[in-house]
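Observations on the model geometry
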Amino acid sequence: MTIGVLGLQGSVAEHIKLIKSVNKKIDAIVVRTIDELATVDGLIIPGGESTTLRILLDEFKLYTPIKARVEAGMPVWGTCAGMILLANRIEGERPYFGLLDIDVKRNAYGRQIDSFVAEGDFAGMYVGMVFIRAPIVTRVGADVEVLAEHEGKAVAVRQGNVLATAFHPELIAKDNRIHKYFCGMVENCK
Amino acid sequence: MAVKDNKSNDRKLLNRNLAQMLKGGVIMDVTNAEQAQIAQAAGAVAVMALERVPADIRKEGGVARMSDPKMIAEIQNAVTIPVMAKVRIGHFVEAQILEAIKVDFIDESEVLTPADDAYHIDKTKFATPFVCGARDLGEALRRIAEGASMIRTKGEAGTGNVVEAVKHMRKMRTQIAEVSALPTDQLATYAKEIGAPLELVRQVAKNKALPVVNFAAGGVATPADAALMMQLGADGVFVGSGIFKSSDPKSRAEAIVKAVAYYADPTILAGASYGLGEAMRGVDLDTLTDEQRLAKRGW
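Heads up: these notes are all about the structure in this document. Please read these numbers as outputs of a predicted model, since none were measured by experiment. (Residues numbered from 1 in each chain as written. Chains lettered and ligands numbered in written order. Predicted model: local features only at pLDDT ≥ 70, side-chain atom pairs only at ≥ 80, totals over all residues. Heavy atoms only, no water.)

A few points about the overall build of chain A
Counting its regular elements, chain A contains six helices and twelve strands. When the 190 residues of chain A are sorted by exposure, 61% land in the buried category. Considering only contacts in chain A between residues 6 or more positions apart, those separated by 24 or more positions represent 67%. Per element, the accessible surface of chain A, about 7,100 Å² overall, is 48% carbon and sulfur. Side-chain charges of chain A comprise 22 positive and 23 negative groups, with the mean position of each set lying 3 Å from the other. (Helix = DSSP H or I, 4+ residues; strand = E, 2+ residues; numbered from the N terminus. Buried < 20%, exposed > 50% of the residue type's maximum accessible area, 1.4 Å probe, protein only. Contact = heavy atoms within 4.5 Å. Areas by Shrake-Rupley, 256 points an atom, 1.4 Å probe, with all protein chains shown as cover. Lys, Arg positive; Asp, Glu negative; His and termini not counted. Charge placed at Lys NZ, Arg CZ, Asp CG, Glu CD.)

Okay, here's the thing in structure tokens:
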């Protein structure tokens with residue numbers, strides 16, 4: 001099984017390292033091209049700047065092939081910027097992939113000085129959550145399952161093969177449980 | 001696993017984490033809201049708000065200071081990406097002001113005229129992250145010990161000449177390789193020689209990497225320059241005068257963003273370099289006197 005991490009910008013190496021730590025049989029590769037995308041069983045869209053990512057995704061013609069793969073059932077996981085790109089609606093701007101029935105508001109907690117860490121349950125596991133200039137989920141669609149909440153707001157959601165977290169599990173180097181959870185999604189859909 | 005232990009440690013990690021989110025990206029110098037919007041639309045991961053780009057500071061001379069908070073606020077209102085701004089080396093009150101207006105990152109920068117010739121800012125006293133310039137491993141670790149969350153090469157800002165940035169990046173890589181290969185009983189002496197805290201030298205030796213993100217800066221003018229720095233191991237690139245001092249800033253900004261994302265693909269680099277118009281004129285470093293070399297500021 002091979003999991004790809006979209007390698008245009010952001011916390012790419014962090015995700016690769018954690019996926020590789022899950023299990024020796026799972027490989028993790030950087031995905032920058034259509035050919036690389038074709039070789040993976042699941043895709044992670046990492047944290048970074050969503051405006052930069054969407055420009056590069058358009059420029060290098062990755063929008064259509066990624067959207068088609070996810071619609072055909074490939075599991076995808078977006079962290080922070082990745083969540084924004086997956087959402088059906090983004091406050092004040094055009095949505096991107098529109099593959100996840102949630103509304104999000106970007107930089108909703110404020111600027112860097114308002115970034116914070118928290119703890120909470122994620123699908124029955126007690127995990128640390130790092131929020132960096134994070135988005136807030138302002139609406140959750142009927143078919144979307146909320147996996148984690150912080151102060152009453154959904155911060156991790158799943159709709160079938162689409163997983164999204166407003167926080168960054170890739171930044172907690174010693175904890176690969178959410179990466180393991182995603183690997184489980186990929187394994188089950190094979 | 002719990003991450004919550006104490007507030008100041010959380011802050012330190014959160015600030016290093018923001019720098020990680022910028023990896024693989026381009027941070028562009030802008031002097032007004034309109035340039036900031038051009039930078040964001042071109043795909044910049046952050047902008048650096050300053051009144052004069054380094055090339056103009058170099059040309060016009062005088063004391064270069066922190067920018068007017070009004071101008072920074074206009075830029076903050078114009079874009080959604082992080083906004084950085086510069087303070088003079090040692091000028092902790094300028095830093096307090098930037099923290100008060102919630103700048104996302106503070107650059108304690110040799111490009112501005114130093115305010116203190118003996119001490120850098122104690123950056124651990126701030127909740128806002130700092131980026132600092134460094135020419136080698138010792139300088140980088142001194143800044144990290146003072147609380148910097150991100151390092152960049154100094155290069156030679158405002159010259160459009162990448163040679164110093166290359167020198168600093170290579171020096172850093174060589175020293176990281178050196179320290180990683182040393183037996184542990186030689187680390188204390190190595191730390192003393194480069195003037196860095198032993199604890200941080202041990203960390204570098206163990207991880208074979210700096211504890212924070214390291215960007216290239218100072219003299220990057222073309223997509224090829226940016227990709228060169230990435231291939232030499234930079235985590236991302238600052239472009240100062242190189243964009244808005246060129247003949248077609250928008251196209252050049254877009255081209256440099258592409259070149260950094262696909263830095264190892266010569267075909268894409270060729271495309272990004274194609275028909276870009278004139279790059280900034282640039283300066284031959286041999287014509288600069290020691291006083292004109294900004295990289296010599298700070299220690």
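Back to the text.
Thoughts on the packing of aromatic side chains
All names here are of chain A. Evaluated as defined, the whole model comprises twelve aromatic pairs over all chains. Arranged with centres 5.4 Å apart and planes meeting at 5°, the rings of Tyr63 and Phe97 form a pair that is stacked. Here the residue Tyr63 occupies a position in helix H4 (residues 63-71), and Phe97 occupies one in the loop between strand S5 (87-90) and strand S6 (100-105), the gap between them amounting to 34 residues. Judged by its relative accessible area of 27%, Tyr63 falls in the partly exposed class. Among the aromatic side chains, those forming a connected cluster through ring pairs are Tyr109, Phe116, Phe131 and Phe167. (Phe/Tyr/Trp six-rings, centres within 6.5 Å; stacked < 30°, edge-to-face > 60°.)

Points about the pattern of salt bridges
All names here are of chain B. Per the stated rule, a full pass over the model turns up 31 salt bridges over all chains. A salt bridge links Lys86 to Asp107, with the nearest nitrogen and oxygen atoms 2.8 Å apart. Of the two residues, Lys86 is situated in strand S3 (residues 83-88) and Asp107 in strand S4 (residues 105-109); the sequence distance between them amounts to 21 residues. The salt bridge involving Lys123 is made with Glu108; its shortest N-O contact spans 2.7 Å. With Lys123 in the loop between S4 and strand S5 (130-134) and Glu108 in strand S4, this residue pair connects regions lying 15 residues apart in the sequence. (Salt bridge = Lys/Arg side-chain N within 4 Å of Asp/Glu carboxyl O.)

Remarks on the interface of chain A and chain B
Across the contact, 43 residues belong to chain A and 38 residues belong to chain B. Summed over both sides, the interface between chain A and chain B buries roughly 3,300 Å², with carbon and sulfur atoms accounting for 59% of that surface. Its largest share of buried area at the contact with chain B, chain A owes to Arg111, Gln112 and Ile113 of chain A, together 21% of the area lost on that side. Counting across the chain A and chain B interface gives five salt bridges. Between Asp104 of chain B and Arg111 of chain A there is a salt bridge, with the nearest N and O atoms lying 3.9 Å from each other. Run the count over chain A and chain B and you get 23 residue pairs in polar contact (both at pLDDT 80 or more). Secondary-structure elements contributing two or more residues to the side of chain A that touches chain B are helix H1 (12-22), helix H3 (50-59), strand S7 (116-122) and strand S8 (125-131) of chain A. (Buried area = accessible area lost by both parts, 1.4 Å probe. Polar contact = N/O pair within 3.5 Å; in protein donor to acceptor, adjacent residues only side chain to side chain.)

With respect to the nonpolar core
With 115 residues, the main nonpolar core has Phe122 of chain A together with Met229 of chain B as its most contacted residues. Considering every element that reaches this core, the biggest residue donor is helix H6 (residues 177-189) of chain A, with six residues. The contact partners of Phe122 of chain A, leaving out residues within four places of it in the chain, are Val127, Leu147, Ala148, Ala156, Leu163, Thr165, Phe167, Ile178 and Tyr181 of chain A. Of all hydrophobic cores here, the second largest spans 23 residues; its members include Val117 of chain A together with Val45, Ala46 and Phe238 of chain B. (Core = buried A, V, L, I, M, F, W, Y, C linked by side-chain atoms within 4.5 Å.)

Digging into a nonpolar patch on the surface
On the surface, a nonpolar cluster with roughly 240 Å² of combined accessible area is contributed by Phe92, Val93 and Ile97 of chain B. With respect to the element layout, Val93 of chain B can be found in helix H5 (residues 92-100). (Patch = residues over 30% accessible without salt bridge, like charges linked within 9 Å, V, L, I, M, F, W, Y side chains within 5 Å.)

Quick word on the state of the cysteines
Taken as a whole and judged by the stated rule, the model has zero disulfides over all chains. Free of any disulfide, Cys183 of chain A has its nearest neighbouring cysteine sulfur in Cys189 of chain A, separated by 12 Å. (Disulfide = S-S within 2.5 Å.)

Topic: the sheet that holds strand S2 (residues 27-31) of chain A
Consider a sheet: its strands pair through backbone hydrogen bonds, and that pairing is either parallel or antiparallel. Residue and element names in this part refer to chain A. Strand order across the open sheet formed by seven strands is S2-S1-S3-S4-S12-S11-S10, with mixed pairing between neighbours. Edge positions in the sheet fall to S2 and strand S10 (145-150), since each of these pairs with one other strand and no more. Across the sheet, the mean angle separating the axes of adjacent strands is 20° when strand polarity is ignored. In terms of strand pairing, strand S1 (residues 2-6) meets S2 through five bridges, oriented parallel. Pairing of Ile3 across the sheet is with Ala28, part of S2. Against the sheet, H1 engages S1, S2, strand S3 (42-45) and strand S4 (76-79), with an angle of about 160° to S2. (Pairing = 2+ DSSP bridges. Axes fitted to C-alpha atoms, helices over the stretch in contact; angles between N-to-C directions.)

Structural notes on the sheet that holds strand S9 (residues 136-140) of chain A
Residues and elements named next belong to chain A. The strand order across the open sheet formed by three strands is S5-S6-S9, and the pairing between neighbours is mixed. Each end of this open sheet is capped by a strand with a single partner; those strands are S5 and S9. Across this sheet, the average inter-strand angle for adjacent strands is 35°, counted without regard to direction. Bridge analysis of S5 against S6 gives three bridges, and the strand direction is parallel. The residue of S6 that forms the bridge with Ala87 is Leu100.

Remarks on H5 of chain B
Residue and element names in this part refer to chain B. Along H5, the positions that sit buried rather than exposed are Glu94, Ala95, Leu98 and Glu99. The buried residues of H5 occupy an angular sector of 140° when the element is viewed end-on, so they sit on one face. Where H5 is buried, its residues contact helix H4 (69-78), S3, S4 and S5. Note on H5: the residue one or two positions beyond its end, Lys102, has a positive phi of about 60°. (Arc of directions from axis to C-beta.)

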